[in-house]
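Structural overview for review
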Amino acid sequence: MTELNQIDLHALQAGDKRTWDAFVGASAPLINAVVRRSLVSYRLSEDDVLDAAQDVYVRLCANDFRLLKTYDPARAGLSTWLAVVARSAAIDHARRRRQATQPLDEVPEARLAVEDRHVEKLKIPDGLLTERQILILKCLYDEERDVAEIAKLLKIDAQTVRSTHHKALVRLRTHFQGKDS
């Protein structure tokens, strides 16, 4: 069995099949141990642990060995670097696998409550706002669209949406503050 420090990194990064096979054989005990240790608290099945270890190798060779090519021997030993990559891949794998573990009967009713979205619509006096201001307010508040979506829909710049929104609010405030006094 080849030691990790005997692996020809240039051949490995170039995708040489023999070197890759030797690398997998030499690194498997380390990667499996790191993945297993990283996933203990997630209580995943043995199959999930093996899948997570496999994910490490997929990451290393994906996109023409892009991740493997980032290894810098001056910064860390290969085994240290692999342990960091394995831990990161294992945690990402566990997060993707995580499922709700709390039975629905145990969830507080307040968290399940549906928000009452019935809100009285503001009646805008005729002639107070421009058609564009009214349209932007309706998109923002009635349709709950975001600024970028409105800008694309109206074929205008996002900053134009923001400034039109601001001007409309200023006009509304001025109008309704005058009515309160």
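Above this note sits the structure.
Thresholds applied
- Residues numbered from 1 in each chain as written.
- Predicted model: local features only at pLDDT ≥ 70, side-chain atom pairs only at ≥ 80, totals over all residues.
- Heavy atoms only, no water.
- Salt bridge = Lys/Arg side-chain N within 4 Å of Asp/Glu carboxyl O.
- Helix = DSSP H or I, 4+ residues; strand = E, 2+ residues; numbered from the N terminus.
- Buried < 20%, exposed > 50% of the residue type's maximum accessible area, 1.4 Å probe, protein only.
- Phe/Tyr/Trp six-rings, centres within 6.5 Å; stacked < 30°, edge-to-face > 60°.
- Axes fitted to C-alpha atoms, helices over the stretch in contact; angles between N-to-C directions.
- Parallel < 35°, antiparallel > 145°, perpendicular 65-115°, else oblique.
- Left-handed = near helix turned anticlockwise from the far one by under 90°.
- Contact = heavy atoms within 4.5 Å.

Observations concerning the pattern of salt bridges
Under the definition given, this model contains 7 salt bridges. Two residues, lysine 17 and aspartate 21, come together in a salt bridge whose shortest N-O distance is 3.0 Å. With lysine 17 and aspartate 21 both in helix α2 (residues 17-39), this residue pair falls 4 residues apart, about one helical turn. Relative accessible area serves as the criterion here: at 38%, aspartate 21 is assigned to the partly exposed category. Between glutamate 46 and arginine 36 there is a salt bridge, and its shortest N-O distance comes to 2.9 Å. Remark: arginine 36 occurs in helix α2 and glutamate 46 occurs in helix α3 (residues 46-65); sequence separation between them is 10 residues. Because the salt bridges share partners, they merge into one network encompassing Glu143, Arg145 and Glu149.

Considerations on the packing of aromatic side chains
Any two aromatic rings considered together are summarised by their centre-to-centre distance and by the angle between their planes. In total, this model carries 5 aromatic pairs according to the counting rule given. An angle of 85° between the planes, with centres 6.1 Å apart, marks the rings of tryptophan 20 and tyrosine 57 as edge-to-face. One end of the pair, tryptophan 20, is in helix α2; the other, tyrosine 57, is in helix α3, with 37 residues separating them in the sequence. Across this residue pair, the class does not change: tryptophan 20 and tyrosine 57 are buried. Three or more aromatic residues joined by ring pairs make a cluster, and in this case those are Trp20, Phe23, Tyr57 and Phe65.

Some remarks on the packing of α2 against α3
As a packed pair, α2 and α3 sit with axes 9 Å apart at the nearest point and diverge in direction by 130°. The angle between α2 and α3 places the two elements in the oblique class. Relative to α3, α2 is oriented so that their crossing is right-handed. Seen from α2, the contacting residues are Trp20, Phe23, Val24, Ser27, Ala28, Ile31, Asn32, Val35, Arg36 and Leu39; seen from α3, they are Glu46, Val49, Ala52, Ala53, Val56, Tyr57, Leu60, Cys61 and Phe65.

Section: the environment of leucine 9
One can find leucine 9 in helix α1 (residues 9-13). For the pair leucine 9 and tryptophan 20, spaced 11 residues apart in the sequence, the C-alpha separation amounts to 9.7 Å. Setting aside residues up to four positions removed in sequence, leucine 9 forms contacts with Tyr71, Pro73 and Leu78.

Here's the deal with unusual backbone geometry
Within the chain, aspartate 64 stands out as a residue other than glycine whose phi angle is a positive 60°. Along the chain, aspartate 64 falls in helix α3. One non-glycine residue with positive phi stands out, namely phenylalanine 65, at about 65°. Structurally, phenylalanine 65 can be placed in helix α3.

That's the geometry; what it means functionally is another story.
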